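Here is what each chain is made of, one letter per residue.
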Amino acid sequence: MIKSALFLSALSFFSFARAYTIPQSKRTINIVGKARHSASYDSSSSSSSSSSYNSSSSSSYDPGSSSITDAEVLNYALTLEHLEVAFYTQGLANFSADAFAEAGFAAAVRANYDEILSHEESHITLLQSVLEEMGADIVQACTYDFGSVDVASFIAMSAAFETVGASAYSGASNLLKRRSLLPAASSILSTEARQSTWIQSTVQHLNPWSGAFEVPLTPNQIFTIASNFIVECPSSNPPIAATHAFLPLSIPTTATPGASVQLSFNLNETSASDLSDLSVAFLTSNGTIFEQFSSSDSYNVTFPTQEEGLLGTVFVLVVNSTKDVTDSTTVAGPTPLMFPFNATNPQIEALFPN
């Protein structure tokens with residue numbers, strides 16, 4: 001069970017350049033009753049699917065395992081849409097227009113969240129109809145736990161869900177074999193991104209985007225994040241593209257670019273002899289940055305600076321590589337962070353050449 005206080009502290013935006021994170025659960029969650037593989041925390045998947053578009057390092061995006069079917073990809077997307085619908089339904093039932101107003105948000109903000117819920121419900125209808133036409137079994141909604149939140153943390157969580165959703169669709173699109181399915185997937189992706197932009201810019205008054213590209217994540221990396229909120233799924237559910245969650249990775253909410261930050265994960269559950277066998281990968285819109293732990297027995301790592309590209313939404317992982325971020329190299333995480341930035345800073349502007 002994730003404690004309410006942890007939710008409130010971990011999902012708040014801090015002052016400029018500080019981060020918020022989604023807390024990592026230590027639960028082992030059964031994804032589906034008919035999964036192709038065991039749905040548990042794993043640090044050594046055999047998948048070759050990479051997690052990051054990268055314009056400045058040796059990582060590259062690979063379409064992934066050929067054994068994953070289109071039905072499993074669509075049911076994976078449907079699993080995420082069910083989670084979002086449950087989150088918005090619960091939040092909007094708890095927070096009236098008056099509650100939003102008391103928290104300092106205009107009536108239009110609450111009304112737009114009603115529209116976002118409607119969008120997510122439409123995504124479910126579309127995915128279900130495509131799966132039905134395929135003659136495939138269809139996943140049902142799981143049981144969720146979003147903790148105890150207020151309006152402000154509901155908004156912070158919604159920004160995270162929409163951003164992670166865009167990364168999920170970006171990462172799963174290459175797994176689809178039927179090209180005719182891409183327009184529907186792309187249209188959902190763009191809507192998730194638009195919703196994320198509206199929340200971050202209009203509601204939170206932060207940067208509307210992180211850069212020129214979304215960061216694609218593999219289904220297993222996405223499920224590592226989603227598993228924090230999933231308690232149990234129906235045993236009758238068919239398999240999905242995700243098969244397991246990686247080890248949870250905890251990062252202090254006080255983390256800032258350029259600072260020495262102490263990470264937390266269970267090294268004993270990995271195949272590494274010590275931390276010198278591992279590195280920390282920062283997946284950003286501008287590429288992947290790798291950093292080493294400060295020593296073989298210290299969980300401290302120096303975060304890159306904003307001038308080095310640690311801007312906006314960043315996904316942090318522990319990997320057993322210094323050049324690739326794939327399911328087979330991922331050890332712990334990802335943990336999503338948000339680092340707001342000042343786009344008028346000349347050093348930041350240099351990262352976005354005309």
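Residues numbered from 1 in each chain as written. Predicted model: local features only at pLDDT ≥ 70, side-chain atom pairs only at ≥ 80, totals over all residues. Heavy atoms only, no water.

The protein has the name Ferritin-like domain-containing protein in an unreviewed UniProt entry, where Lentinula detonsa is given as its organism.

A.B. asks: Quick rundown of the pairing of strand 5 (residues 287-295)? Include the residues and the values.
C.D. replies: Pairing analysis gives six bridges linking strand 4 (residues 279-284) to strand 5, with the strands arranged antiparallel. What sits directly across from phenylalanine 282, in strand 5, is isoleucine 289. Where strand 4 folds back on strand 5, the antiparallel hairpin that results is connected by two residues. Two elements, strand 5 and strand 6 (residues 298-302), share two bridges in a ladder whose sense is antiparallel. Note that in strand 6 the partner of phenylalanine 293 across the bridge is valine 301. (Pairing = 2+ DSSP bridges. Helix = DSSP H or I, 4+ residues; strand = E, 2+ residues; numbered from the N terminus.)

A.B. asks: Got a sec to walk through empty space enclosed by the protein? Specific residues and values, please.
C.D. replies: Per the counting criterion, the structure on display carries four cavities of 30 Å³ or more. Its boundaries defined by the atoms lining it, the largest cavity holds a volume of some 140 Å³. Around the largest cavity sit 16 residues that line it, and Leu74, Ala77, Leu127, Tyr169 and Ala185 are the ones nearest its centre. Breaking the lining of the largest cavity down by element, the ones donating at least two residues are helix 2 (70-94), helix 4 (107-134), helix 5 (151-172) and helix 6 (182-203). The leading source of residues in the lining of the largest cavity is helix 2, at five residues. Looking at the lining of the largest cavity residue by residue, the class counts come to 15 nonpolar, one polar and no charged. Volume-wise, the second largest cavity comes out at about 100 Å³. Together, Leu80, Leu83, Glu84, Phe161, Val164, Gly165, Ala168, Ile222, Ile225 and Ala226 line the second largest cavity. Those elements giving two or more residues to the lining of the second largest cavity turn out to be helix 2, helix 5 and helix 7 (219-226). It is helix 5 that provides the largest number of residues to the lining of the second largest cavity, a total of four residues. Of the residues belonging to the lining of the second largest cavity, the class tally is eight nonpolar, one polar and one charged. (1 Å grid on protein atoms, 1.4 Å probe; cavity = no way out; pocket = protein on both sides within 12 Å on 5 of 7 lines; lining within 4 Å. Points joined across faces, edges and corners; volume = space filled by probe spheres on them. Nonpolar A, V, L, I, M, F, W, Y, C, P; charged D, E, K, R; others polar.)

A.B. asks: Could you give an account of the nonpolar core, with specific residues and numbers?
C.D. replies: With 68 residues, the main nonpolar core has Tyr76, Phe100, Tyr113, Phe154 and Ile155 as its most contacted residues. Among the elements of the structure, helix 2, helix 3 (97-102), helix 4, helix 5, helix 6, helix 7, strand 4 and strand 7 (312-319) are those that each provide at least two residues to this core. In terms of residues, this core owes the most to one element, helix 2, which gives 12 residues. Not counting residues up to four positions away in its chain, the partners in contact with tyrosine 76 are Ala168, Ala172, Thr218, Pro219, Ile222, Ile240, Ala241 and Ala242. Membership of the second largest hydrophobic core comes to 25 residues, among which are Phe265, Ala272, Val314 and Leu337. (Core = buried A, V, L, I, M, F, W, Y, C linked by side-chain atoms within 4.5 Å. Buried < 20%, exposed > 50% of the residue type's maximum accessible area, 1.4 Å probe, protein only. Contact = heavy atoms within 4.5 Å.)

A.B. asks: An account of the side chain of glutamine 306 is needed here, citing residue identities and associated values.
C.D. replies: Position of glutamine 306 among the secondary structure elements: in the loop between strand 6 and strand 7. Within the local environment of glutamine 306, its side chain forms a polar contact with the backbone oxygen of proline 340, the two atoms lying 3.0 Å apart. (Polar contact = N/O pair within 3.5 Å; in protein donor to acceptor, adjacent residues only side chain to side chain.)

A.B. asks: Describe the confidence of the model for the protein, with residues and values.
C.D. replies: On average, the protein scores 84 in pLDDT, and the residues at 70 or more come to 78%. When mean pLDDT is compared element by element in the protein, helix 2 scores highest at 98, while helix 1 (residues 4-10) scores lowest at 34. Residue range residues 1-18 is modelled with pLDDT below 50. Its contacts to residues more than four positions away, or to other chains, number 61 contacts. Contacts for the low-pLDDT stretch residues 20-64, under 50 throughout, to residues beyond four places or in other chains number 177 contacts. (pLDDT = per-residue confidence, 0-100.)

A.B. asks: Give a description of the sheet that holds strand 7 that names residues and reports values.
C.D. replies: Within a sheet, adjacent strands bond to each other through the backbone by hydrogen bonds, running parallel or antiparallel. With antiparallel pairing, six strands are arranged side by side in an open sheet as 3-6-5-4-7-8. With partners counted over all chains shown, the strands left at the sheet margins are strand 3 (260-262) and strand 8 (330-339), one partner each. Adjacent strand axes in the sheet meet at a mean angle of 30° when their direction is disregarded. Pairing geometry for strand 4 and strand 7, over five bridges, is antiparallel. Residue pairing across strands places alanine 281 opposite leucine 317, the latter belonging to strand 7. Along the sheet, helix 7 makes contact with strand 7 and strand 8, crossing strand 8 at roughly 65°. (Axes fitted to C-alpha atoms, helices over the stretch in contact; angles between N-to-C directions.)

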